[in-house]
Amino acid sequence: MTLAEAAGRTYGPVPFPIESSAVAAFAAATGDDPNRWSAHAPPSYAAAALFAVAPSFLGDPVVGEMRSLIHTEQTFRWHRPLEVGETLEVEGRVSDVRARRALNLVTFDLAAGSWLDGTATFLMSAEAAAASPEEPEPAHDERAACEAAVPMPLPDEGEDLPPLHRSASRADLVRYAGASGDWNPIHWDHRAATGAGLPGVVVHGLLMASWLVQAAARHAAGPHPVAEMRLRFRRPLRPATAAVVTGAVGGGKELGLRLS
C-alpha cells in the first residue's frame, strides 16, 4: 500500500458537539477573549473541527509510519457564527496526493456542516523532511511577552494594523494540543521533533493561525468577524520565541497579515 492510494478517500462524518467547556478551554489555550467567546465559538475553533476528523485519515493503514508530518498551507471559509450547544457533522476528504521522491504533499478537504469548509496541505514523509541543527528546549513555562487582542476600530484602507505580540511556552503547546486535538508529537516531544529534522519542538501552525485570526477579529464586533483566511506556513516558530502579528488594510476590508 502507498499513500497515493488515499487520494479520493473520505473520512467521517463524525459528530462535533460545541460544548461550552471545550470552547472555554480553546479560548484560554489560544489567548483569546473568554468573555467574547462564551455563547459562540471563535473562528479559530476551526482547528478543533479539522482535528476531529484528521486522526481518521492519519490512522488509515495506507498512511503507514510517517516520521514527518508538517502543516504547510491552510484555507478556512466561515459561513456563519457557531453557537455553543450545536452539534455539527465533520467530514474530511483526501482530494490529492503528490509524491516528490520521499515527500508527499497531501491535500485534505474539510466540511463542518453549514458553518465551515476548508483545505489543508500537509507535507508527509517516512524520512526527515528538514535538516536543522538541534537546539536545547526552553523551560516548560518560558514565553516572551503576550498581549490581549483588545477591540479597536479598523484603520483606513492602506494603513498599517497595530502589532499584536504573542509567544507560547512548551506548557502552552500541551494545553493547545488538548484543546484542539492536534497531538502531533513534533509540538511536544523533543525526540520526535528532532527526528523530523526540526531543531526541537515547534508551535502548532494553527495556534499561530489563531493569533492571526484574533488580530483581525479585534477590528470587527459580533460572533462572525472573519469570513475567510488563506495562509501559508513558511518557517517553524520555537516555543518561548517572541512573535508579532503585523499587516495592513487592503481593498474591501481585506487584511494582509503576517507573523514574524
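Fair warning: this is a prediction, and the values are worked out from it, not measured in the lab.

S.K.: Looking at this structure, how should I read the side chain of His 71?
M.R.: Position of His 71 relative to the elements: it lies in strand E2 (residues 68-78). Classification of His 71 by relative accessible area gives buried; the value is 14%. Here the side chain of His 71 touches Glu 73 through a polar contact of 3.4 Å, landing on its backbone oxygen. A polar contact of 2.9 Å, which involves the side chain of His 71, links it to the side chain of Gln 74. Once you skip the residues sitting within four places of it in the chain, His 71 turns out to touch Leu 50, Ala 120, Thr 121, Phe 122, Leu 206 and Phe 233.

S.K.: Got a minute to help me understand the packing of helix H2 (residues 46-58) against helix H3 (residues 170-180) in this structure?
M.R.: When two helices pack together, their arrangement is given by the angle between their axes and by how far apart the axes lie. Across the interface, H2 lies against H3 with an axial gap of 8 Å and an inter-helix angle of 70°. Relative to H3, H2 is oriented roughly perpendicular. Between H2 and H3, the contacting residues are Ala 47, Ala 48 and Phe 51 on the first element and Tyr 176, Ala 179 and Ser 180 on the second. In terms of residue class, the contact of H2 with H3 is built from five nonpolar, one polar and no charged.

Reading the values: rules and limits
- Residues numbered from 1 in each chain as written.
- Predicted model: local features only at pLDDT ≥ 70, side-chain atom pairs only at ≥ 80, totals over all residues.
- Heavy atoms only, no water.
- Helix = DSSP H or I, 4+ residues; strand = E, 2+ residues; numbered from the N terminus.
- Buried < 20%, exposed > 50% of the residue type's maximum accessible area, 1.4 Å probe, protein only.
- Polar contact = N/O pair within 3.5 Å; in protein donor to acceptor, adjacent residues only side chain to side chain.
- Contact = heavy atoms within 4.5 Å.
- Axes fitted to C-alpha atoms, helices over the stretch in contact; angles between N-to-C directions.
- Parallel < 35°, antiparallel > 145°, perpendicular 65-115°, else oblique.
- Nonpolar A, V, L, I, M, F, W, Y, C, P; charged D, E, K, R; others polar.

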